[in-house]
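Here are the chains, one letter per residue:
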Amino acid sequence: FDQSKANLKIKSKGANAPYFDLIRASVNLVVASILISLATSMKLPLSTTYVTFMVAMGTSMSDRAWGRESAVYRITGVFSVIGGWFFTAFFAFSVAFLMALFISYGSFVAIFILIGVAIFIVFRTHIYHKRKYRESETAESVKPEALTGSKITQRCSIHVRDVLEKTSEALDNTLLGLEKEDFRLLKRTCRQVNEINEKTKKLKDNISETVKFMEEDSIETGHYYVQVVDYLREIAHSINFIITPSLKHVDNNHKAFLPLQFEELKQINDQVRNLLAEISAIISKQEYQSVPNAIENQQMILKSIGLIRKKHVKRIKTDEVGTKNSILYLDLLAEIKNLTLYSINLLKSHRDFVLFVNGNYEKVLGKKPD
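What you see is a predicted model; the values in this text were computed from it and never measured. (Residues numbered from 1 in each chain as written. Predicted model: local features only at pLDDT ≥ 70, side-chain atom pairs only at ≥ 80, totals over all residues. Heavy atoms only, no water.)

## Concerning the nonpolar core
To be explicit about the condition: Nonpolar core, defined: a set of buried Ala, Val, Leu, Ile, Met, Phe, Trp, Tyr and Cys residues in which side-chain atoms within 4.5 Å join the residues together. Think of it in three bands: residues with accessible area under 20% of the maximum for their type are buried, residues over 50% are exposed, and the middle band is partly exposed, with areas taken using a 1.4 Å probe on protein chains only. Every helix listed is a DSSP run of H or I at least four residues long, and every strand listed is a run of E at least two residues long, numbered separately from the N terminus. Contacts are assigned to residue pairs with any non-hydrogen atoms lying within 4.5 Å of each other.
In terms of nonpolar packing, the biggest core is built from 55 residues, with Tyr-225, Phe-257 and Val-272 touching the most fellow members. The set of elements that each furnish at least two residues to this core consists of α5 (149–180), α6 (183–205), α8 (221–251), α9 (259–285), α10 (291–317) and α11 (323–358). Setting aside chain neighbours within four positions, we find Val-272 in contact with Leu-171, Ile-301, Ile-336, Leu-339 and Thr-340.

Next up, the structure:
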């Protein structure tokens, strides 16, 4: 624990440097061996795993290595292991006691009753799954009305605008929840993101059915429809990979970001929010001549993310931030970058889709569709 300059010089040169992990491992082995030997000589029932685990936890509590980076995992590990052992033992004992007591007082009648309950549960479960399977088959057998290109275009526009709006809102709430360390806000945002995921998943799962029941003259629009749905799904994945680690970070009580980090994230968030709003407006008004401007804004965001990543690397080298902080921060930057890329790809795919359906593809873009 000596952090003086003299000791640090010794460590850097490697001369007689103390190996802390070896010391702790030696203490763990010696203390655990003594306790196990003592208990065994006294013919006491014990779990060697339990003793070794508790000795390791005891030494870790005294080594002053606790902090918000690791404390929650240590505490959770203790309660999980110990709680699991005691809960399993208590639950098994209680159920066995009640079953034995019931059979003891009820004799053969109790045995037949228990067999009947088991058969009823199995039969009820079988009927439940059979009904669910029949309902799913009935839902799949319903044929939708013939879908024209214009109808799919309207559907896509609505779905795209809805996903982009909810994505922007989720990103705002995620950064706000991280800044205030508001677990409830992040939990609520996580539920909203799960709804986005479910919606995009349903759209992708129903692609084959949608294409199957298209009108013959609208079949070629299916290619563009598939592209739009794929990019919607990727956007949903990106926002999910943003909120999930953020929620875990706050839930585990890790250190919050530095004020400078929040300023950088807010700057990026404002740019991304403006880009998503711009894309939504272009799709809503079908003003595809503004696509190059949206692409320029995307490039500005990517450059900003690159600069911020370089700044964070400098902070890592100067030990200004911890490991958990760096992992989450770099993950957020990476997923925001992916979100930006997928958004522009979504805009291009939707543009091609609409122009092809309206018969203006070659006229507007000056080339034939691929």
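## Examining the environment of Ser-280
Mapped onto the elements of the fold, Ser-280 is located in helix α9. Classification of Ser-280 by relative accessible area gives buried; the value is 18%. Residues Ser-280 and Ser-157 lie 123 residues apart in sequence; the distance between their C-alpha atoms is 8.7 Å. In contact with Ser-280, not counting residues within four places along its chain, are Arg-161 and Leu-164.

## Quick look at the packing of α9 against α10
The test is simple: Interaxial angles span 0 to 180 degrees and are taken between N-to-C directions of axes, which are lines fitted to C-alpha atoms, for helices over the stretch in contact. Roughly parallel means an angle under 35 degrees; roughly antiparallel, over 145; roughly perpendicular, 65 to 115; everything else is oblique. Note: crossing handedness is left-handed where the near helix turns anticlockwise from the far helix by less than a right angle, and right-handed where it turns clockwise. Basically, the charged four are Asp, Glu, Lys and Arg, the nonpolar ten are Ala, Val, Leu, Ile, Met, Phe, Trp, Tyr, Cys and Pro, and anything else, Gly included, counts as polar.
Contact pair α9 / α10: the axes reach a minimum separation of 10 Å and the direction vectors enclose 165°. One finds that α9 runs roughly antiparallel with respect to α10. The handedness of the crossing between α9 and α10 comes out as left-handed. Residues Leu-260, Gln-261, Glu-264, Gln-267, Ile-268, Gln-271, Val-272, Leu-275, Glu-278 and Ile-282 of α9 pack against Val-291, Asn-293, Ala-294, Asn-297, Gln-298, Ile-301, Ser-304, Ile-305, Ile-308, Lys-311, His-312 and Arg-315 of α10. Among the residues making up the contact of α9 with α10, the classes are represented as 10 nonpolar, eight polar and four charged.

## Observations concerning the environment of Gly-177
Counting through the fold element by element, Gly-177 comes out in helix α5. Exposure remark for Gly-177: the relative accessible area of 0% places this residue in the buried category. With 70 residues separating them along the chain, Gly-177 and Leu-247 place their C-alpha atoms 8.5 Å apart. Not counting the four nearest positions on each side in its chain, Gly-177 is found in contact with Asp-182, Leu-185, Leu-186 and Val-250.

## Concerning the packing of helix α2 (residues 20–41) against helix α3 (residues 48–62)
The interhelical angle for the contact between α2 and α3, taken along N-to-C directions, is 140°, at an axis separation of 9 Å. The angle between α2 and α3 falls in the class oblique. For α2 against α3, the interelement crossing comes out right-handed. Residues Arg-24, Val-27, Asn-28, Val-31, Ala-32, Leu-35 and Ile-36 of α2 form the contact with α3, whose participating residues are Thr-48, Val-51, Thr-52, Val-55, Ala-56, Thr-59 and Ser-60. Residue classes in the contact of α2 with α3 are distributed as eight nonpolar, five polar and one charged.

## Digging into α10
Under the convention used in this document: In this scheme, a helix's expected span is set at 1.5 Å multiplied by one less than its residue total.
The first and last C-alpha atoms of α10 sit 40 Å apart over 27 residues, in line with the 39 Å expected at 1.5 Å per residue. Of the residues flanking the end of α10, it is Asp-319, one or two places downstream, whose phi is positive at about 60°.

## Remarks on a nonpolar patch on the surface
Our working definition: Patches here are clusters of residues that have more than 30% relative accessible area and form no salt bridge, with a 9 Å joining cutoff for like charges and a 5 Å cutoff for nonpolar side chains (Val, Leu, Ile, Met, Phe, Trp, Tyr). The Shrake-Rupley method, run with a 1.4 Å probe, gives the accessible areas here. Residue values count only the displayed protein chains as cover. A carboxyl oxygen of Asp or Glu within 4 Å of a side-chain nitrogen of Lys or Arg is what we treat as a salt bridge.
A cluster of nonpolar residues, Phe-102, Ile-103, Phe-108, Val-109, Ile-111, Phe-112, Ile-113, Ile-115, Val-117, Ile-119, Phe-120 and Ile-121, forms a patch on the protein surface that exposes about 1,200 Å² of accessible area. Structurally, Ile-103 is set in helix α4 (residues 71–141). On the accessibility criterion, Ile-103 (34% relative accessible area) is partly exposed.

## What about the pattern of salt bridges?
Between side chains of opposite charge, a pair can form as their charged atoms come close. Enumeration according to the criterion identifies nine salt bridges in this entry. Two residues, Lys-204 and Asp-230, come together in a salt bridge whose shortest N-O distance is 3.3 Å. On the criterion of sequence distance, the pair formed by Lys-204 in helix α6 and Asp-230 in helix α8 is long-range, its members being 26 residues apart. On the basis of relative accessible area, Asp-230 is assigned to the partly exposed category, the value being 27%. Arg-315 is paired through a salt bridge with Glu-264; the nearest N and O atoms lie 3.0 Å apart. Separated by 51 residues along the polypeptide, Arg-315 in helix α10 and Glu-264 in helix α9 bring together distant segments of the chain. The network of salt bridges with shared partners includes Asp-162, Lys-166 and Lys-199.

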